[in-house]
Amino acid sequence: MRVMAQMAMVMNLDKCIGCHTCSVTCKQAWTNRTGVEYVWFNNVETRPGQGYPRRYEDQEQWRGGWTLNRRGRLSLKAGGRFRKLLTIFANPKMPGMDDYYQPWTYDYETLTSAPLQEHTPVARPKSLLTGKDMKITWSANWDDDLGGSPQHIEKDVLVRDLSDKVKAEFDKTFMFYLPRICEHCLNPSCAASCPSGAIYKRTEDGIVLVDQDRCRGWRMCVTGCPYKKMYFNHRTGKAEKCTFCFPRVEVGIPTVCSETCVGRLRYIGLVLYDADKVLEAASTPDDTGLYEAQREVFLDPSDPRVVAAAEAAGIHRDWIEAAQRSPVYALINTYKVALPLHPEYRTMPMVWYIPPLSPVVDIVRDTGHDAENAGNLFAAIETLRIPVEYLAELFTAGDTKPVEAVLRRLAAMRSYMRDINLGRDADESIPGRVGMTGELMYDMYRLLALAKYEERYVIPTAHEEQAHKLEELATECSLDYEGGPGMGGSGPFGESSGGAAPIAVENFHMLRQRQTSDSPVDPADKHTRVNLLNWDGKGTPSGLFPPEPGGPTGNPPADSGAAETEPKP
Amino acid sequence: MKETVLWVVLPYVTITIFVLGHVWRYRYDKFGWTTRSSQLYESRLLRIGSPLFHFGVLFVLLGHIGGLAIPASWTEAAGISEDAYHVVAVVIGTLAGFCTLAGLAILIYRRRTTGPVFSATTVNDKMMYLVLTAVIVIGLAATVAANVVDHGYNYRETVSPWFRSVFYLNPAPDLMRDVPPLFQLHALSALLLFCIWPFTRLVHMLTAPVGYLTRPYIVYRSRDARMGALPPRRGWERP
Ligand code: SF4
Ligand code: SF4
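Residues numbered from 1 in each chain as written. Chains lettered and ligands numbered in written order. Predicted model: local features only at pLDDT ≥ 70, side-chain atom pairs only at ≥ 80, totals over all residues. Heavy atoms only, no water.

J.: Quick question: what am I supposed to make of the overall build of chain B here?
T.: Scanning chain B from N- to C-terminus turns up eight helices and one strand. Of the regular secondary structure in chain B, the N- to C-terminal order runs α-α-α-α-α-α-α-α-β. Overall, chain B is about 70 × 45 × 40 Å in size when its C-alpha atoms are taken along their principal axes. Here chain B holds 239 residues, and 45% of them are scored as buried. Intrachain contacts of chain B at a sequence separation of at least 6 include 81% that bridge at least 24 residues. Of the roughly 12300 Å² of accessible surface on chain B, a fraction of 73% belongs to carbon and sulfur atoms. Each charge sign in chain B was given a centre, from 22 positive and 13 negative side chains, and these centres are 20 Å apart. (Helix = DSSP H or I, 4+ residues; strand = E, 2+ residues; numbered from the N terminus. Buried < 20%, exposed > 50% of the residue type's maximum accessible area, 1.4 Å probe, protein only. Contact = heavy atoms within 4.5 Å. Areas by Shrake-Rupley, 256 points an atom, 1.4 Å probe, with all protein chains shown as cover. Lys, Arg positive; Asp, Glu negative; His and termini not counted. Charge placed at Lys NZ, Arg CZ, Asp CG, Glu CD.)

J.: Mind showing me how you'd approach the pairing of strand 2 (residues 43-47) of chain A here?
T.: When a strand is regular, its side chains alternate between the sheet's two faces. Across the five residues of strand 2 of chain A, five count as buried, placing the element largely inside the fold. Judged by which residues are buried, strand 2 of chain A turns out to be covered on both faces: Asn43(A), Glu45(A) and Arg47(A) on one side and Val44(A) and Thr46(A) on the other are all buried.

J.: Mind showing me how you'd approach the sheet that holds strand 1 (residues 3-12) of chain A here?
T.: Residue and element names in this part refer to chain A. The sheet built from four strands is open, its strands ordered 12-1-14-13 with mixed pairing. In this open sheet, the two strands that pair with only one neighbour each are strand 12 (266-274) and strand 13 (339-340). Of the pairings in the sheet, the one linking strand 1 to strand 14 (residues 351-354) comprises four bridges and is parallel in character. Each residue of the ladder has a partner; that of Met 11, found in strand 14, is Tyr 353. (Pairing = 2+ DSSP bridges.)

J.: Looking at this structure, how should I read unusual backbone geometry?
T.: Note: most residues except glycine have negative phi, and most peptide bonds are trans. Residues and elements named next belong to chain A. A cis amide bond links Arg 47 with the next residue in sequence, Pro 48, at an omega value of -5°. Counting through the fold element by element, Pro 48 comes out in the loop between strand 2 and helix 2 (59-62). A cis geometry characterises the amide bond from Tyr 52 onward to Pro 53, with omega recorded as -10°. Locating Pro 53 in the fold gives a position in the loop between strand 2 and helix 2.

J.: Explain the confidence of the model for chain A to me, please; I cannot follow it from the model alone.
T.: In low-pLDDT regions, the fine details of the predicted coordinates are not to be read closely. All names here are of chain A. When pLDDT is averaged along chain A, the result is 83, and 79% of the positions lie at 70 or above. Scored below 50 in pLDDT, residues 466-498 shows 74 contacts in the model against residues more than four places distant or in partner chains. Note on residues 522-535: pLDDT is under 50 here. Beyond four places in sequence and across chains, it has 45 contacts. (pLDDT = per-residue confidence, 0-100.)

J.: What exactly am I supposed to notice about the packing of aromatic side chains here?
T.: Per the counting criterion, the structure on display carries 31 aromatic pairs over all chains. Consider the rings of Tyr353(A) and Phe395(A), whose centres lie 5.8 Å apart with planes at 35°: the pair is tilted. With Tyr353(A) in strand 14 and Phe395(A) in helix 19 (residues 385-395), this residue pair connects regions lying 42 residues apart in the sequence. As far as the burial class goes, Tyr353(A) and Phe395(A) line up, both buried. Where Trp7(B) meets Trp162(B), the ring centres are 5.2 Å apart and the plane angle is 80°; that geometry is what we call edge-to-face. One end of the pair, Trp7(B), is in helix 1 (residues 2-28); the other, Trp162(B), is in helix 7 (residues 159-167), and 155 residues separate them in sequence. Judged by its relative accessible area of 0%, Trp7(B) falls in the buried class. Through a chain of ring-to-ring contacts, the aromatic side chains of Tyr38(A), Phe41(A), Tyr52(A), Tyr100(A), Tyr101(A), Trp104(A) and Tyr231(A) assemble into a single cluster. Lying over the aromatic face of Tyr28(B), Arg27(B) brings its terminal NZ or CZ to 5.1 Å of the ring centre. (Phe/Tyr/Trp six-rings, centres within 6.5 Å; stacked < 30°, edge-to-face > 60°. Lys NZ or Arg CZ within 6 Å of the ring centre and 35° of its normal.)

J.: What is the right way to read the site of ligand 1 from this model?
T.: Around ligand 1 lies a shell formed by Cys182(A), Glu183(A), His184(A), Cys185(A), Pro188(A), Ser189(A), Cys190(A), Val208(A), Cys225(A), Tyr227(A) and Lys241(A). Taken together, the residues of the shell around ligand 1 break down into seven nonpolar, two polar and two charged. (Near = heavy atom within 4 Å. Nonpolar A, V, L, I, M, F, W, Y, C, P; charged D, E, K, R; others polar.)

J.: I'm lost on the packing of helix 1 of chain B against helix 7 of chain B in this one. Help?
T.: Packed helix pairs are specified by the crossing angle of their axes together with the interaxial distance, meaning the distance between the axes. Residue and element names in this part refer to chain B. Two numbers describe how helix 1 lies on helix 7: the axes approach to 11 Å, and their chain directions differ by 55°. As summarised for this structure, helix 1 and helix 7 are arranged oblique, according to the angle between their axes. With respect to the hand of their crossing, helix 1 and helix 7 are arranged in right-handed fashion. Taking contact as the criterion, the partners of Trp 7, Pro 11, Tyr 12 and Ile 15 in helix 1 are, on helix 7, Trp 162, Ser 165, Val 166 and Phe 167. Split by residue class, the contact of helix 1 with helix 7 holds seven nonpolar, one polar and no charged. (Axes fitted to C-alpha atoms, helices over the stretch in contact; angles between N-to-C directions. Parallel < 35°, antiparallel > 145°, perpendicular 65-115°, else oblique. Left-handed = near helix turned anticlockwise from the far one by under 90°.)

J.: What exactly am I supposed to notice about the site of ligand 2 here?
T.: Around ligand 2, the surrounding shell holds 14 residues, and the nearest of these are Cys16(A), Cys19(A), His20(A), Cys22(A) and Cys261(A). In terms of residue class, the shell around ligand 2 is built from nine nonpolar, four polar and one charged.

J.: For this particular structure, what's the right way to read the nonpolar core?
T.: Generally speaking, a soluble globular protein has its nonpolar side chains buried in company with each other. Ranked by size, the top nonpolar core spans 163 residues in total, and within it Tyr38(A) and Leu331(A) carry the most contacts. Setting aside its immediate chain neighbours within four residues, Leu331(A) contacts Val10(A), Tyr267(A), Lys336(A), Val337(A), Ala338(A), Ile354(A), Leu447(A) and Leu448(A). (Core = buried A, V, L, I, M, F, W, Y, C linked by side-chain atoms within 4.5 Å.)

J.: Explain the packing of helix 19 of chain A against helix 20 (residues 400-421) of chain A here, please?
T.: Residue and element names in this part refer to chain A. Interhelical geometry of helix 19 versus helix 20 gives an angle of 120° and a closest axis separation of 8 Å. Read as a crossing pair, helix 19 and helix 20 show a hand that is right-handed. Here helix 19 contributes Arg 385, Val 388, Glu 389, Leu 391 and Ala 392 to the contact with helix 20, which in turn contributes Thr 400, Val 403, Glu 404 and Leu 407. Class assignment for the residues of the contact of helix 19 with helix 20 results in five nonpolar, one polar and three charged.

Below you can see the structure in the form of structure tokens.
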């Protein structure tokens, strides 16, 4: 047994109102920069729907994740090492900008600078890639709230796999939201696809990150990730992905998306797992067996043997305690209401979901029945194939049994708690029918409905002493960092060069530069470009222009001959 | 004198710039060390042009290693006659050269006509393309001219020994004196290319990911304290 700790998340889909607050705050924190305009580390899709990027779940087309080869061994679906190197000059399976969407902004300036005229001036959409006028035809959530269906619904990848009976009834439509971030998989195919070995899983907390200094822009990870949560920064030429907000998590605060979630539906906690069993579990022959297999990889943090093994593996006492209080472990293994997203991709995803009961409840209520009655709900779960089969495609590779079991538990909790809330005697037979005790069910209710901040987010802080192994002391000089070439986010080759600045510092500078610069797109205004290589021309990195006497540095006036700052070859 | 400058001083300056340039770039600009791929913007043309160019250029590279680094006496000892060698080299070399050129042409056309790709093209890129195209075109021209107009030029008696002499630290510039001008020009433009190499996107070549074939699929790494929000402690304060 090799115990490792993994930072994981559970989202309770019943509570998601599809407000996109998580996406927006995440974008503001992480991808509010040139090169990643089209990138949403967190996105919220309406299901049924195509998702973002469009139809990313169609692995016959995109070939993400793992598959079992003829000998039953786990192999990358897009092809192994040789194949990767042979296709390195042009990745045959990479989604293009149009599969995401063309990012744009509006020409707001005309609103204030247009001369007096009869008609109200219009802010035209401008492409953020070319700076030219464009027509907006798609975005990261174009089919939000089923907008445009039934035109789009047919394109939902999962609809293909539903039984014909269900397809025929599909116009009795239902809807829910699916917020997605990187899954920080136990068996990440993005990392396995990276030719440079730049993508790594952190040993301490399992967060999957891209080493920006080692990424060479081979783009294989974009194909490798079946969830398409690996993005290519087209300005810096490097891959970027959700970081699980590690600078926040390290100091014990939740990710931005969780912190700002309006529905308070996200839970963050540690899960201990047996790293030696991951490969075996990921190689489970049946797609439908993967959910159980992954659950068995997790270790019970209150088992004394696990605790002993965890301590032997160097996991700190406070981390083990955090794992014992973990809401994520409880939802996955104690209450068994959380399910993994697309386990059939075999990456062992670590962001799990409590499937929504609301489509069932809505239908029961709409037909005039008591939607709080356990019997009614159970019967509906059994007969209503539409949400159940669809949810099974999403969470259990098409096996409806686990989904039904979860929905029955949620339904049971609903009617059990109604009695309690109305001051009636609790009907202990209800928890019994779903294999729970009344006490367990009440605890589950507390965690799902009432849990406070500290119960939803159980995040132990990182240990400084873990990070730097002693032998690194000799090789690493603290001066490499202090005032290093990367400070302020700009090195000798501009924005995309130099050493790594602390993330917070870098983001702060970039955000300020971006928001104080005049034009939406950089290359359109070539005269303000100041660097030979790949500085993207926005803002004024300090040190590039002499400080203006008596004033803060700003953009030089347009006629000051800024072009002369361009070094001659 | 002219020979010394062109065929002794310039090569050593180039080697110095090439090596130190890469060291410097690696030391200070790891973040900028990338292919800067533009596949995200456009991949239809790229999927034809890029493999054509890259595989072509790899063959050209192999050919140059064969022609420049391996002495003629070795191939003869291996039983390959000079004529046979010449025919094979010219045919394969020309083929690879034209593939490279065709690929490059497609890539440049794509770069010019695809809006987003063109906006992402820096001055540095343009300069690099210019030099790269010049090297390839002159090299091809030299080969074609020598074989079509003349009856072939045996560079393995002049250019190759000179090339090796530079690396033996015993340069023999005189060998280059009577080399046809196109071959001289090709060599000089190549020197220029190697001079700008470390400062362009071409650096990605030196980090060709061959290690991928042997490393384990999943990489595990310990947390890097410098990356986080916690300020790193100074060396003397660390545990
Ligand atoms: S979901 Fe995240 S960790 Fe998993 S393969 Fe994709 S990018 Fe990698
Ligand atoms: S902030 Fe919360 S409720 Fe709003 S869309 Fe995101 S996950 Fe759903």
